[in-house]
Amino acid sequence: MGRRDARVDAYIEKSAEFARPILAHLREVVHAACPDVEEAIKWGMPFFLDKGMLCHMAAFKAHCAFGIWKGSDVVGDDRSDDAMGQLGRITQLSDLPSKKVLTGYIKEAMRRNDAGVPSPSRAKPKAPREVVGPHDLAAALRGNPAADATFSRFSPSHRREYVEWITEAKTPATRSRRLATALEWLAEGKPRNWKYMNC
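Since the model is a prediction, treat every value here as computed from it, not as a measurement.

What follows concerns the pattern of salt bridges. Scanning all chains against the criterion turns up ten salt bridges. Measuring nitrogen to oxygen at the nearest pair gives 2.8 Å for the salt bridge that ties Asp114 to Lys51. Within this pair, whereas Asp114 is found in helix H4 (residues 99-114), its partner Lys51 is found in the loop between strand E2 (45-49) and strand E3 (53-59), the two being separated by 63 residues in sequence. Overall, Lys51 belongs to the exposed group, its relative accessible area being 61%. A salt bridge links Arg175 to Asp136, with the shortest nitrogen-to-oxygen separation between them at 2.9 Å. Of this pair, Arg175 sits in helix H8 (residues 172-187) while Asp136 sits in helix H5 (residues 135-142); the two residues are 39 residues apart in sequence, bridging distant segments of the chain. Several salt bridges share partner residues, and in doing so they unite Asp9, Arg27 and Glu39 into one network.

This is the structure we're talking about:
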């Protein structure tokens, strides 16, 4: 048997007047589709759990949202981008799909949880973008083996900090000063923002 959470009652009661019937309807559809569902509050909004995250709902100032945890696999990728969840901005009951359609989404999410299907993986991170420094930095590094070794050893983000700092200089004099300072700090093994790091 499922479990209702009094905090969800309070969440619905505190929501804007337009949102209450929407949230109450969504809650009832979830419980009807999944009798064993358990309610919880996570990240400040009602969540429904059944062998893992199943779905959630939320109320905002001018709209509600409903999301299925593995939603892109269940609903598809053509979701609305104007609100959290897969159903877009919900401002009235008529904005919701039919009870039959919602039940189908919930049952498919349940099936995926039962089968242990993992959440859709996010896109694989791209390989770090190669950091290409300006010619004057490259020439200066060739003339300073200690600075060159440090720069080569740094992560792309640390190298990029130095490159951007030097290339964003507004005048040739500032660029020259920054280049000299960069070589000094690199020879000492320091990242660009070493002053702000807890060393």
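With respect to burial, strand E4 (residues 64-68) is a largely interior element, five of its five residues being buried. With burial as the criterion, each face of E4 is covered, one bearing Cys64, Phe66 and Ile68 and the other bearing Ala65 and Gly67. Sheet analysis places E3 next to E4, joined by five bridges and oriented antiparallel. Each bridged residue has a counterpart across the sheet, and for Cys55 the counterpart in E4 is Ile68. Counting the residues that bridge the hairpin from E3 to E4 gives four residues.

With antiparallel pairing, four strands are arranged side by side in an open sheet as E1-E2-E3-E4. Bordering the open sheet on either side are strand E1 (38-42) and E4, each of which pairs with just one other strand. On average, each strand axis in the sheet is inclined to that of its neighbour by 20 degrees, with strand direction left out of account. Direction of pairing for E1 relative to E2: antiparallel, over a ladder of five bridges. From the neighbouring strand, Glu39 faces E2, where its bridge partner is Phe48. Here helix H1 (residues 6-14) sits on the sheet in contact with E1, E2 and E3, set at roughly 60 degrees to E1. Its contacts with the sheet put helix H2 (residues 19-33) on E1, E2, E3 and E4, and the angle it makes with E3 is roughly 170 degrees.

Here H5 crosses H8 at 35 degrees, and the two axes come no closer than 11 Å. Between H5 and H8 lies a crossing of right-handed hand. Here Asp136, Leu137, Ala140 and Leu141 of H5 lie close against H8, whose contacting residues are Arg175, Leu179, Leu183 and Leu186. Residues that form the contact of H5 with H8 fall into these classes: six nonpolar, no polar and two charged.

Moving on, we get to the side chain of Asp5. With respect to the helices and strands, the residue Asp5 is situated in the segment before H1. The residues touching Asp5, leaving out its near neighbours within four places in the chain, are Arg27, Glu39, Ala40 and Ile41.

This brings us to the environment of Glu28. Topologically, Glu28 is positioned in helix H2. Overall, Glu28 belongs to the partly exposed group, its relative accessible area being 41%. When the C-alpha atoms of Glu28 and Lys99 are compared, they prove to be 9.9 Å apart, with 71 residues separating the residues in sequence.

All right, on to the packing of aromatic side chains then. The tally for this structure, following the rule as stated, stands at three aromatic pairs. Ring centres of Trp165 and Trp185 lie 5.6 Å apart, and the angle between their planes is 10 degrees; on these two criteria the pair is classed as stacked. Taken as a pair, Trp165 in helix H7 (residues 156-167) and Trp185 in helix H8 lie far apart in primary sequence, 20 residues in all. With respect to burial, Trp165 and Trp185 carry one shared label: buried. Its guanidinium or amino end placed over the ring of Trp194, Lys190 lies 3.7 Å from that ring's centre, counting from NZ or CZ.

Our next topic: H1. Note on helix geometry: an α-helix contains 3.6 residues per turn, so any two residues three or four positions apart are oriented the same way. Among the residues of H1, those classed as buried are Val8, Tyr11 and Ile12. Each buried residue of H1 lies within a common arc of 95 degrees when the element is viewed along its axis, so the set occupies one face. Opposite the buried face of H1, by more than 90 degrees, sit the exposed residues Ala6, Glu13 and Lys14. Structurally, H1 contributes buried residues whose contacts are with H2, E1, E2 and E3.

Analysis parameters
- Residues numbered from 1 in each chain as written.
- Predicted model: local features only at pLDDT ≥ 70, side-chain atom pairs only at ≥ 80, totals over all residues.
- Heavy atoms only, no water.
- Salt bridge = Lys/Arg side-chain N within 4 Å of Asp/Glu carboxyl O.
- Helix = DSSP H or I, 4+ residues; strand = E, 2+ residues; numbered from the N terminus.
- Buried < 20%, exposed > 50% of the residue type's maximum accessible area, 1.4 Å probe, protein only.
- Pairing = 2+ DSSP bridges.
- Axes fitted to C-alpha atoms, helices over the stretch in contact; angles between N-to-C directions.
- Contact = heavy atoms within 4.5 Å.
- Left-handed = near helix turned anticlockwise from the far one by under 90°.
- Nonpolar A, V, L, I, M, F, W, Y, C, P; charged D, E, K, R; others polar.
- Phe/Tyr/Trp six-rings, centres within 6.5 Å; stacked < 30°, edge-to-face > 60°.
- Lys NZ or Arg CZ within 6 Å of the ring centre and 35° of its normal.
- Arc of directions from axis to C-beta.

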